[in-house]
Structures are given as structure tokens and as C-alpha cells.
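Here are the chains, one letter per residue:
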Amino acid sequence: MSGHDPGEGHRHPEYLAARLRRALAEDERTAELGIQVDVRGDHVYLTGTVSSQTCKESLDAVLVEQEPELRLHNDVRVVEATAPDDAEVLR
């Protein structure tokens, strides 16, 4: 016995990253497209931008539910849309 799990194919980094991206896109809490997911060993790195801190925290929650044993590094930036300071003057 080699100890190799026949179902281990889904654990390859590129397949795992694709599955995690899909989970983020399909989960109603995140539905975030454009978040980059990079898997290196047992580490997952997230990059991209979201509109609120709540969205960023939801990314963590979804990924922990999917793969609780992985170490998550969430480098996603929060870019909140704010109203302009001055009214736009149309001439």
C-alpha cells in the first residue's frame, strides 16, 4: 500500500483553487467574481477587491467551511464606494 488516496486528484492545487473560486462565486454571501485564489501546499491566498469589510469576512467564512484544514491568507482589499464630496455641476 502506498497510502495514496484514489480520490486525491481533487487535491491538486489547480483543481482545489478552481473549486474554491466556484464556491465563492456560487455562495449567496460572497457571489464575488474576480477574487483570485492561489493554492500553495496547505495555504490559500486570496487577492482582489471587494466593496465592504463584511464581504471580505464572508470570503473567509466560505473558504473555512469548504476547506477548514487549509491556512487562509486573505489579502483582499476593501474599496468602499463613497459619495462625491461636491455636487457635480453640469454646464
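Note that the coordinates shown come from a computational prediction; the quantities given were computed from them, not determined experimentally. (Residues numbered from 1 in each chain as written. Predicted model: local features only at pLDDT ≥ 70, side-chain atom pairs only at ≥ 80, totals over all residues. Heavy atoms only, no water.)

**Student:** I keep staring at the pattern of salt bridges and nothing clicks. Help me out?
**Tutor:** Where charged atoms from two side chains of opposite charge come close, those side chains can pair. Counted under the stated rule, the structure contains five salt bridges. Measuring nitrogen to oxygen at the nearest pair gives 1.9 Å for the salt bridge that ties Arg 19 to Glu 67. Of the two residues, Arg 19 is situated in helix 1 (residues 13–26) and Glu 67 in the loop between helix 2 (53–66) and strand 4 (71–74); the sequence distance between them amounts to 48 residues. A residue is classified by how much of its surface remains accessible, and Arg 19, at 30% relative accessible area, is partly exposed. The salt bridge involving Glu 65 is made with Arg 29; its shortest N-O contact spans 2.8 Å. Separated by 36 residues along the polypeptide, Glu 65 in helix 2 and Arg 29 in the loop between helix 1 and strand 1 (36–40) bring together distant segments of the chain. One network of salt bridges, in which partners are shared, links Asp 27, Arg 29 and Glu 65. (Salt bridge = Lys/Arg side-chain N within 4 Å of Asp/Glu carboxyl O. Helix = DSSP H or I, 4+ residues; strand = E, 2+ residues; numbered from the N terminus. Buried < 20%, exposed > 50% of the residue type's maximum accessible area, 1.4 Å probe, protein only.)

**Student:** How should the nonpolar core be read in this particular structure?
**Tutor:** Generally speaking, nonpolar side chains in soluble globular proteins are found buried as a group. The biggest cluster of nonpolar side chains holds 17 residues, and the ones touching the most others in it are Leu 20, Leu 24, Val 37, Val 44 and Leu 46. Counting residues per element, the ones that place at least two in this core are helix 1, strand 1, strand 2 (43–47) and helix 2. Per element, the largest residue contribution to this core is five residues, and it comes from helix 1. Non-local contacts of Val 37, meaning those with residues more than four positions away in its chain, are made with Ala 17, Leu 20, Arg 21, Leu 24, Val 44, Tyr 45 and Leu 46. (Core = buried A, V, L, I, M, F, W, Y, C linked by side-chain atoms within 4.5 Å. Contact = heavy atoms within 4.5 Å.)

**Student:** In this structure, what is going on with the packing of helix 1 against helix 2? I would like to understand it.
**Tutor:** The relative placement of two packed helices is expressed as an angle between their axes plus a distance between the axes. Where helix 1 meets helix 2, the axes come as close as 10 Å, and the angle between the chain directions of the two elements is 130°. Classified by the interaxial angle, the pair formed by helix 1 and helix 2 is oblique. Seen from above, helix 1 lies across helix 2 with right-handed handedness. Residue-level contacts link Arg 19, Leu 20, Ala 23 and Leu 24 of helix 1 to Leu 59, Val 62, Leu 63 and Gln 66 of helix 2. For the contact of helix 1 with helix 2, the per-class residue count stands at six nonpolar, one polar and one charged. (Axes fitted to C-alpha atoms, helices over the stretch in contact; angles between N-to-C directions. Parallel < 35°, antiparallel > 145°, perpendicular 65-115°, else oblique. Left-handed = near helix turned anticlockwise from the far one by under 90°. Nonpolar A, V, L, I, M, F, W, Y, C, P; charged D, E, K, R; others polar.)

**Student:** What is the right way to read helix 2 from this model?
**Tutor:** Given 3.6 residues per turn, any residue in an α-helix points the same way as the ones three and four places further on. Compared with the 20 Å implied by 1.5 Å per residue over 14 residues, the 20 Å span of helix 2 between its first and last C-alpha is a close match. Regarding helix 2, the residues found buried are Cys 55, Lys 56, Ser 58, Leu 59, Val 62 and Leu 63. Viewed end-on, helix 2 has its buried residues packed into an arc of 160°, placing them on one side of the element. Exposed residues pointing more than 90 degrees away from the buried face of helix 2 are listed as Thr 54 and Glu 65. (Expected span 1.5 Å × (residues − 1). Arc of directions from axis to C-beta.)

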